[in-house]
Amino acid sequence: MGLKIAVFASGRGSNFQSLYNALREDAEKARIVVVISNNSDAGALAVARSLHLPAIHLSQKQYSSHAEFVEAVLQTLESFQVNLIVLAGYMKKIDAAIIGKYRNRIINIHPALLPAFGGQGMYGIHVHEAVIASGARASGATVHIVDEEFDHGKIILQETVPVEPNDTPEILAERVLKAEHKLLPRVVRLFAENKIEIINGEVHIRKPD
Ligand code: GAR
């Protein structure tokens, strides 16, 4: 069975869209089967609908308890037989019960070179503001396994971009985003080709055949 991917996204959804485009040619190997958002206005949901993909708004606010919300997320994932979860600009913490059930099968894209510039509060434009304020000469994108701590799980791949002297956070964000759009599909393809193994908590990427 190929990869059945759930994309979780809170915002515009450009990473979702670039992943969708990259996977279109080989849907047997990997395809996005559902897009889930905590935000009913998310661009990602609108894009998913326009592509005739299931687009589901699932928010804690719709449920009377956190446990019920988590149960609804798990049921949705099961009903689509999801075997890889991709966080593409998802701004909420994933519950430990979901991480436990999909151990090593949840990945996140982060717009900096982790472990630097990660953790609570480090999302979107705040990341690029912090990078520029630090005087760092390089930034980039990271795809990592999601564990119980924010931006903490094992790194799978990174792509570096320069930070130029006159960069604003917006200009840097754009440069990093271009790198993200290449990096995320690359990592998903590695999963689709079974080239990623996690042994004793360490990520191993098998070389091309
Ligand atoms: C991306 O830059 C992604 O790396 C970032 O949000 C943006 C979403 O853009 N994610 C985080 O900051 C998570 N900590 P998109 O909606 O256009 O894909």
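Residues numbered from 1 in each chain as written. Predicted model: local features only at pLDDT ≥ 70, side-chain atom pairs only at ≥ 80, totals over all residues. Heavy atoms only, no water.

Within helix α1 (residues 14–23), seven of the ten residues are buried, which leaves it mostly tucked inside the rest of the structure. Inspection of α1 places S14, N15, F16, S18, L19, Y20 and L23 among the buried residues, and these make up the whole buried set. (Buried < 20%, exposed > 50% of the residue type's maximum accessible area, 1.4 Å probe, protein only. Helix = DSSP H or I, 4+ residues; strand = E, 2+ residues; numbered from the N terminus.)

For side chains of opposite charge, pairing can occur when their charged atoms come near one another. The full count for this structure, using the stated rule, is nine salt bridges. We note a salt bridge from K29 to D26, for which the minimum N-O separation is 4.0 Å. Taking the relative accessible area as the measure of exposure, D26 reaches 37% and is therefore partly exposed. Connected through shared salt-bridge partners, D26, K29, E193 and K195 make up one network. (Salt bridge = Lys/Arg side-chain N within 4 Å of Asp/Glu carboxyl O.)

What follows deals with the site of the ligand. Around the ligand sit 15 residues in total, of which R12, G13, S14, N15 and E180 are the nearest. G13 is positioned with one of its backbone polar atoms (N or O) 2.7 Å from an oxygen atom of the ligand. One of the backbone N or O atoms of N15 is found 2.9 Å from an oxygen atom in the ligand. Here the ligand, which alone exposes 450 Å², has 92% of that area covered by the protein. More than half of the atoms of the ligand fall within 2 Å of the grid points belonging to the largest pocket. Broken down by class, the residue content of the shell around the ligand amounts to six nonpolar, seven polar and two charged. (Near = heavy atom within 4 Å. Polar contact = N/O pair within 3.5 Å; in protein donor to acceptor, adjacent residues only side chain to side chain. Areas by Shrake-Rupley, 256 points an atom, 1.4 Å probe, with all protein chains shown as cover. 1 Å grid on protein atoms, 1.4 Å probe; cavity = no way out; pocket = protein on both sides within 12 Å on 5 of 7 lines; lining within 4 Å. Sits in = over half its atoms within 2 Å of the grid points. Nonpolar A, V, L, I, M, F, W, Y, C, P; charged D, E, K, R; others polar.)

A separate point is the sheet that holds strand β7 (residues 155–162). What the seven strands build is an open sheet, ordered β3-β2-β1-β4-β5-β6-β7; its pairing is mixed. With partners counted over all chains shown, the strands left at the sheet margins are β3 (55–57) and β7, one partner each. Within the sheet, the average angular offset between the axes of one strand and its neighbour, ignoring direction, is 20 degrees. Looking at chain direction, strand β1 (residues 3–8) and strand β4 (residues 84–87) are connected through four bridges and run parallel. (Pairing = 2+ DSSP bridges. Axes fitted to C-alpha atoms, helices over the stretch in contact; angles between N-to-C directions.)

At a minimum axis distance of 9 Å, the contact between helix α5 (residues 125–134) and helix α6 (residues 169–192) shows a crossing angle of 110 degrees. Classified by the angle their axes make, α5 and α6 are roughly perpendicular. Viewed along their axes, α5 and α6 form a crossing whose handedness is right-handed. Facing α5, whose interface residues are I125, H128, E129, V131 and I132, α6 presents P169, E170, L172, A173 and V176. Of the residues that constitute the contact of α5 with α6, the class distribution is seven nonpolar, one polar and two charged. (Parallel < 35°, antiparallel > 145°, perpendicular 65-115°, else oblique. Left-handed = near helix turned anticlockwise from the far one by under 90°. Contact = heavy atoms within 4.5 Å.)

Below, the discussion takes up empty space enclosed by the protein. As enumerated under the stated definition, the model contains one cavity of 30 Å³ or more in all. If you add up the space inside the largest cavity, you get close to 80 Å³. Lining the largest cavity we find F8, I36, L58, H66, F69, V70, V73, Y90, K93, I94, D95 and I98. A total of four residues in the lining of the largest cavity trace back to one element, the largest contributor, which is helix α3 (residues 66–79). Looking at the lining of the largest cavity residue by residue, the classes come out as nine nonpolar, one polar and two charged. (Points joined across faces, edges and corners; volume = space filled by probe spheres on them.)

Purely geometric stuff here, so don't read any function into it on its own.
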